[in-house]
Every structure is written in structure tokens, then in C-alpha cells.
Amino acid sequence: MSSIYKRKRNGKNDGYVMYSIYAYDPLKNKKRYFNITLGKIGPALTWDDCLKQKKELDRVFDIKKGGKQEMQLNKAITTYLKHKMIHFNIKPPKNSSIKLQNYHLDKFKEIIVKRYGSGIMMKHIDDDILKWYYEIREKKLKTSSFIVHKRIINGFLGWTKD
């Protein structure tokens, strides 16, 4: 469970907002408390900004908590798409590339959920399920589209295993 609070020094609020969570630390291989300073409340930082940062930090710690394999398929796809949007070294992708990724990942989710239910976790998607899925998609897509589709799905699955 995480929280944000206004920090006190010598019994008085000093204007800084802190983020606190008890989470798994991969370096020490055990759970520990993390206290992160979000910043000082003022014209550049509001309480609403702190709440947004809290949501983002919760999402990051959620990934670390149980690993990406413990996520449900729907949450893993949304987290992956956010991750792809944040981590660009040179320039962000074109809108057409983003739409293409969204389309193929939505199709993947739609077909898997139709057969296995909306609560399927990433750790349950094994080679047999992928083989079944790729057979279905190969029949419905042209060869060039299938290659792109498979590349996008394999990129997503590779991300969940890292």
C-alpha cells in the first residue's frame, strides 16, 4: 500500500510532499520501505500533480512487485503501451505506428480473452496458446500483415518476460 503525505520537520510542515511504499527491492532481494520526495508544493507543483505522480509510481512498483508475468493480460498491454510511449531515445513514433500497435495488441487480447476469459494472466500464456493463436491469425491475415502482427506480439511478449 502506498501513500503520499506532506513532510514535517521539527513538527512543522515544510511544504514537501513525500511518496511512501513498502515494496520488493530487487537489489536486496527483499521487501523494504521506499520514501521518495515528489517536490515542494507551489506554483510549479500542485497536489493534483502529486496524485498523478503517485499513480505513475504505483504502476512502476506494481510491475516490480510480482513481475510482469503476474499481470493480467489487459493490464500488461496498457502498461506496455505506456512504457513504449515514455521510452524513446530519439523521437516518438508516428501516429500510424501507434495505431498499428494498438490494433494488433487489441486483436491479440480480444481473441485470447474470448477463449480463456478476461482474467488470464501473462504467466498462463504459453507456447501452446501462442501456436493456436498464430494459426488463427495466419488464416485471416496476408503474409506481410502476419509478419508485422507476429513482430508486434513477440515484442510485447518479450517485454513481459524481461
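Located above this text is the structure these notes cover.
Thresholds, definitions, all that
Residues numbered from 1 in each chain as written. Predicted model: local features only at pLDDT ≥ 70, side-chain atom pairs only at ≥ 80, totals over all residues. Heavy atoms only, no water. Helix = DSSP H or I, 4+ residues; strand = E, 2+ residues; numbered from the N terminus. Buried < 20%, exposed > 50% of the residue type's maximum accessible area, 1.4 Å probe, protein only. Contact = heavy atoms within 4.5 Å. Areas by Shrake-Rupley, 256 points an atom, 1.4 Å probe, with all protein chains shown as cover. Patch = residues over 30% accessible without salt bridge, like charges linked within 9 Å, V, L, I, M, F, W, Y side chains within 5 Å. Salt bridge = Lys/Arg side-chain N within 4 Å of Asp/Glu carboxyl O. Pairing = 2+ DSSP bridges. Phe/Tyr/Trp six-rings, centres within 6.5 Å; stacked < 30°, edge-to-face > 60°. Lys NZ or Arg CZ within 6 Å of the ring centre and 35° of its normal.

(A) Broad picture of the overall build of the protein. Looking only at helices and strands, the protein features five helices and three strands. Traced from its N-terminal end to its C-terminal end, the protein shows the element sequence β-β-β-α-α-α-α-α. Per-residue burial for the protein yields a buried fraction of 31% across its 162 residues. In the protein, the share of contacts with a sequence separation of at least 24, taken over all contacts with a separation of at least 6, comes to 51%. Approximately 11,000 Å² of the protein is accessible, and the part contributed by carbon and sulfur atoms is 53%.

(B) Examining a nonpolar patch on the surface more closely. A cluster of nonpolar side chains, contributed by Ile 41, Trp 47 and Leu 51, occupies part of the molecular surface with about 240 Å² of accessible area. For Trp 47, the position within the fold is in helix 1 (residues 47-66). Note on Trp 47: relative accessible area 33%, which makes it partly exposed.

(C) Molecular detail of the pairing of strand 2 (residues 12-25). Bridging between strand 1 (residues 2-9) and strand 2 involves seven bridges; their strand directions are antiparallel. Residue pairing in the sheet places Lys 8 in a bridge with Asn 13 of strand 2. Counted along the chain from strand 1 to the antiparallel partner strand 2, the turn is two residues long, and its residue Asn 10 has a positive phi close to 55 degrees. Strand direction decides the pairing type here: strand 2 and strand 3 (residues 30-40), joined by ten bridges, are antiparallel. Note that in strand 3 the partner of Tyr 16 across the bridge is Lys 40.

(D) Molecular detail of unusual backbone geometry. Positive phi is not limited to glycine here, since Asn 10 has a value of about 55 degrees. What makes Asn 10 exposed here is its relative accessible area of 81%.

(E) Quick peek at the packing of aromatic side chains. Going through the model one piece at a time under the given rule, you end up with nine aromatic pairs. Between the aromatic rings of Tyr 22 and Tyr 33, the centroid separation amounts to 4.8 Å while the plane-to-plane angle is 45 degrees, which identifies the pairing as tilted. In this pair, Tyr 22 is assigned in strand 2 and Tyr 33 in strand 3, connecting sequence segments eleven residues apart. Ring centres 6.5 Å apart and planes at 25 degrees place the aromatic pair Phe 156 and Trp 159 in the stacked group. Taken together, the positions of Phe 156 and Trp 159, both in helix 5 (residues 143-161) and three residues apart, correspond to about one turn of that helix. On the basis of relative accessibility, which here comes to 0%, the residue Phe 156 falls in the buried class. A residue is classified by how much of its surface remains accessible, and Trp 159, at 8% relative accessible area, is buried. Within the aromatic cluster, the residues linked to one another by ring pairs are Tyr 80, Phe 108, Tyr 133, Tyr 134, Phe 146, Phe 156 and Trp 159. The side chain of Arg 115 reaches across the aromatic face of Trp 132, ending 4.5 Å from its centre.

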